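# Tertiary structure, described
If you want the building blocks of each chain, they are given just below.
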Amino acid sequence: MFWHMGLSTASPVEAILDKDNFTLEELLDEEEIIQECKALNGRLISFLRERSQIKLLIQYIVQGAPGDASNERKLKFPFVACEIFTCEVDIILKALVEDDELLDLLFSFLDPEHPHSTPLAGYFSKVVVCLLLRKTFPLMNYIRDHQDIIKKLVDLIRVTSIMEVLIRLIGADEHIYANSVDSMQWLEDMDIPEMIVDKFSSSDCPEVHANAAETLCTIARWGPPRLASKISSPSFIGRLFRHALEGSRPKSVLVNLLLVCISLLDPKRFTSGVYYMYNRMPHAAAGITANPETVQGMLESLGDLLIHLDISSGEQTLLTTYGKLQPPLGKHRLKIIEFISVLVAVSSEVAEKELIRLGAVKRILDLFFEYPYNNFLHHHVEHIVISCLGSKNRQLVEHILCECNLVGKILEAEKNFTLAVDASKPTVPAEGRSPPRIGSIGHLTRIANKLVQLGNSNTEIQKLLQENSDWVDWQTNVLLKRNMLENVSQWACGRPTTLQDRTRDSDDDYQDRDYDVAALANNLSQAFRYGIYTNDTIEEGHPSLERDDEDVYFDDESAEVVISSLRLGDNQEGGSLFTNSSWFAFEEERIANEQSASSSPNMEGHADVDDDVMLDEDDDLADTAISNTSEVEECNVMSSSDKPAEWVEWRESSNSPSPTSNSADTSNDTELIGNGEVSKADDDIGADKPESCCVDKPGAAEETIGPSQSTQMGEKVRDK
């Protein structure tokens, strides 16, 4: 230890604190101040808790630096000041929240005349969130007495850091709300959702629309019950659609307000906002339920919404690698189709009747074939079709099969599988090149397979399909062959599933086998630690016994890779190493060998015993051990020159309490000797056993060796 050797050095912070006159800037400029705060340096904390020092720290955070200020004042000091507060030193936070003037200074950052740069907004957000988590009650009491803070936060919702403060403040953070329900009841009486939705009409900024929509989605999912129910009310939904369908508003208003409606229909669906942990492409969940009043409020404006499916974006032409789009689909039309996919999945009979009446599904199917390379569109349309086919509403199933002519459109696309050269269509191939293959064949194949699957259980669907001779011919000659071709479990490309006649994909196969991945990872780590899978000599492998556990690391993922690569050996004779069993039973046997070897009077047989037996030095037996070792080496040399070596495995036997002497027959028999048994295996098996040795000639006589001599002989051979 450095402090035991007198090599410890005083902290630079302590050197500053030892001065008679020092400033806060000197401490902030020191690199180790954050570590000293986290270590609760008493002298430093006593200095920083002073009101004047806390005021200076807040000023660094909320006030922008002058133009001629140094880089430390502009960048370093605000950052370090924020980190000091977020060290969560209770005495510093308490001094801040108990002083209203200091809190006034902190929230003055929200004033319109203050600069709201992204770095300073981030520092302000971190400090306020820290206070919300650690000093919830005093801070909420302060905000309740200064409710204009909520309005200021809404006005600055375009800044993402401010939006996060607003989300946590109104109770959408479960950690804060669960511990302080009583102190946050007054927030539910405020018209916060109305204040947020008004930002869609008062601002044309896309960032404002995106952050306002994300805040409403978060309130609907995680917010207090009264605020969430207010957002899902029919009157509030009607207000959302009035803003969304206003002709003079930007398309970003429609896109983001539809995102709110999707969240109300499917609360489990995550948006792509920064507040959520997992950003993934949303998909309609089967069997979702929604408030009937919420659905009814959306259906009142559904007709006006569907009109926008025929209205393209402002960009009339978009050049692509395969040709051009005239016009592109546009984000707003894609979001409308996503909204319809979630609405169909709700399984509301009223919604299904309205969709049939308005012809929404038919128009969406037309867009599917008009834009054959938009996979986002194909994804949502596939869910719409599958939801309609799986609906219990017979009228909806007949509508998509008969009126929308789903089967006929699939057959037409399969027949003309290249992009049509037609300047009147939205997607036009590039000139001077042959038209490419359309990109929706994969989705059409999955829809067709779903039709066949449902036809097996639904006689009406089966009847409609069988009456179409073109469908029967295409299913027999094209679909079945395509499914067979695309069945990865039948690919003869060296996959373990094919070679072992597996009927399922090999990637999931290990889950059903007798593999314990955690135990396997540990066993593999132990195996490489003890040098089992190396061809090194004994003297090279011996030091590996003294390695630390950190030398070899084998995690679960690596173990799964080894399982996949070595699964072919499972059916071979003999136990597989990759099973849910202990690989290292030999460790227990080795310990038993040592105990038996030390207690037995003698041992017979020429065996290269690689036991870790620790003996005291005995000068009297040194010569005997050397001579015995030489004889063993000479026998090994003779055997290697006479015939291929046969391998003998030496193990302790608990059933042999007394020494015996037997003649060695190395052709097929296995010898049982005192203190152990010797078993033989094939050459290729023995080659993988570093603890075995060669037997000399068949029928060679064996010496009787005393216990101390045999032990020393084993050690000398190992040292060689």
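Residues numbered from 1 in each chain as written. Predicted model: local features only at pLDDT ≥ 70, side-chain atom pairs only at ≥ 80, totals over all residues. Heavy atoms only, no water.

On to the packing of helix α7 (residues 71–86) against helix α10 (residues 118–134). At their nearest, the axes of α7 and α10 sit 9 Å apart, and the two run at 10 degrees to each other. The pairing of α7 with α10 is recorded here as roughly parallel in orientation. When α7 is examined against α10, the residues Leu75, Pro78, Phe79, Cys82, Glu83, Phe85 and Thr86 are found in contact with a partner set consisting of Leu120, Tyr123, Lys126, Val127 and Cys130. Of the residues in the contact of α7 with α10, the class split is nine nonpolar, one polar and two charged. (Axes fitted to C-alpha atoms, helices over the stretch in contact; angles between N-to-C directions. Helix = DSSP H or I, 4+ residues; strand = E, 2+ residues; numbered from the N terminus. Parallel < 35°, antiparallel > 145°, perpendicular 65-115°, else oblique. Contact = heavy atoms within 4.5 Å. Nonpolar A, V, L, I, M, F, W, Y, C, P; charged D, E, K, R; others polar.)

Another point: the packing of helix α24 (residues 331–345) against helix α27 (residues 375–389). Between two packed helices, what matters for the description is the angle formed by their axes and the separation of those axes. The N-to-C vectors of α24 and α27 enclose an angle of 25 degrees; their axes lie 9 Å apart at closest approach. By the criterion of interaxial angle, the relationship of α24 to α27 is roughly parallel. The way α24 lies across α27 gives a crossing that is left-handed. Each of Leu334, Ile337, Glu338, Ile340, Ser341, Val344 and Ala345 in α24 lies in contact with α27, whose residues at this interface are Phe376, Leu377, His380, Val381, Ile384, Ser387 and Cys388. Taken together, the residues of the contact of α24 with α27 sort by class into 10 nonpolar, three polar and one charged. (Left-handed = near helix turned anticlockwise from the far one by under 90°.)

Taken together, three strands build an open sheet; the order of strands is β1-β2-β3 and the sheet is antiparallel. Looking along the sheet, the strands with just one partner apiece sit at the ends: β1 (318–319) and β3 (427–429). Here two bridges tie β1 to strand β2 (residues 323–325), and the two strands are oriented antiparallel to one another. Each residue of the ladder has a partner; that of Leu319, found in β2, is Lys324. (Pairing = 2+ DSSP bridges.)

Let's shift gears to the packing of aromatic side chains. By convention here, two paired aromatic rings are described through the distance between centres and the angle between planes. Under the definition given, this model contains 10 aromatic pairs. Taking 5.9 Å as the distance between ring centres and 85 degrees as the angle between the ring planes, the aromatic pair formed by Phe107 and Phe124 counts as edge-to-face. Of this pair, Phe107 sits in helix α9 (residues 100–107) while Phe124 sits in helix α10, placing them 17 residues apart in sequence. Of the two residues, Phe107 and Phe124, both sit in the buried class. (Phe/Tyr/Trp six-rings, centres within 6.5 Å; stacked < 30°, edge-to-face > 60°. Buried < 20%, exposed > 50% of the residue type's maximum accessible area, 1.4 Å probe, protein only.)

With respect to the secondary-structure elements, His379 resides in helix α27. His379 sits 38 residues away from Ser341 along the chain, and the two C-alpha atoms are 9.8 Å apart.

Turning to helix α8 (residues 90–97), a few remarks are in order. Within α8, burial applies to Ile92, Leu93, Leu96 and Val97. Each buried residue of α8 lies within a common arc of 125 degrees when the element is viewed along its axis, so the set occupies one face. (Arc of directions from axis to C-beta.)

Okay, the pattern of salt bridges next. For the coordinates displayed, the defined rule picks out 28 salt bridges. Two residues, Asp155 and Lys199, come together in a salt bridge whose shortest N-O distance is 3.9 Å. Here Lys199 lies in helix α17 (residues 199–202) and Asp155 lies in helix α12 (residues 148–155), a separation of 44 residues in the sequence. We classify Lys199 as buried; its relative accessible area is 14%. When the shortest N-O distance is used, the salt bridge between Arg394 and Glu398 registers 3.0 Å. One end of the pair, Arg394, and the other, Glu398, are both in helix α28 (residues 394–403), four residues apart, so they sit about a helical turn from each other. Owing to a relative accessible area of 35%, Glu398 belongs among the partly exposed residues under this scheme. Several salt bridges converge on common partners, so that one network encompasses Glu14, Asp18 and Arg43. (Salt bridge = Lys/Arg side-chain N within 4 Å of Asp/Glu carboxyl O.)

What sets the pattern is the α-helix's 3.6 residues per turn: residues three or four places apart point alike. Taking 1.5 Å as the rise per residue, α7 with 16 residues should run 22 Å; its terminal C-alpha atoms sit 22 Å apart, in good agreement. Phe77 marks where α7 bends most, by close to 30 degrees; the proline Pro78 follows one to four residues later. Of the residues making up α7, those classed as buried are Arg73, Phe77, Pro78, Val80, Ala81, Cys82, Glu83, Ile84 and Phe85. Summarising the contacts, the buried residues of α7 are in contact with α3 (24–28), α4 (33–38), α5 (42–48), α6 (51–62), α8 and α10. (Expected span 1.5 Å × (residues − 1). Bend = angle between axes of the 7 residues up to and from the residue.)

On to the confidence of the model for the chain, then. In the predicted model, the chain carries a mean pLDDT of 75, and the fraction of residues at 70 or more is 62%. Across residues 1–7, confidence stays below pLDDT 50; counting only partners more than four residues off in sequence or on other chains, it has three contacts. The low-confidence segment residues 497–515 (pLDDT under 50) makes 43 contacts with residues lying over four places distant or belonging to another chain. (pLDDT = per-residue confidence, 0-100.)

As a further point, take the environment of Thr23. Within the fold, Thr23 resides in the loop between α2 (12–17) and α3. Judged by its relative accessible area of 38%, Thr23 falls in the partly exposed class. Distance in space between the C-alpha atoms of Thr23 and Gln53 is 9.4 Å, their sequence separation being 30 residues.

Structurally, the position occupied by His399 is in helix α28. Among the polar contacts listed, one links the side chain of His399 to the side chain of Glu403, at a separation of 2.8 Å. Apart from residues no more than four positions distant in its own chain, His399 is found in contact with Ile356, Val361 and Cys404. (Polar contact = N/O pair within 3.5 Å; in protein donor to acceptor, adjacent residues only side chain to side chain.)

We now examine unusual backbone geometry. Here the residue pair Gln326 and Pro327 is connected by a cis peptide bond, since its omega of 0 degrees sits within 30 degrees of zero. With respect to the secondary-structure elements, Pro327 resides in the loop between β2 and α24. Look at Glu88: it is not a glycine, yet its phi comes out positive at around 60 degrees. Here Glu88 lies in the loop between α7 and α8. If you check the backbone angles, Asn405 has positive phi at about 55 degrees while not being a glycine. Position of Asn405 among the secondary structure elements: in the loop between α28 and α29 (406–415).

What follows concerns the state of the cysteines. Overall, the coordinates contain zero disulfides when judged by the stated rule. Here Cys217 is not cross-linked by a disulfide; its sulfur's nearest cysteine counterpart is in Cys261, at 9.0 Å. Among the residues examined, Cys261 registers a relative accessible area of 1% and is labelled buried. (Disulfide = S-S within 2.5 Å.)

Here we come to the side chain of Ser11. Within the fold, Ser11 resides in the loop between α1 (2–5) and α2. Looking at Ser11, its side chain comes within polar contact range of the side chain of Glu32, at 3.4 Å.

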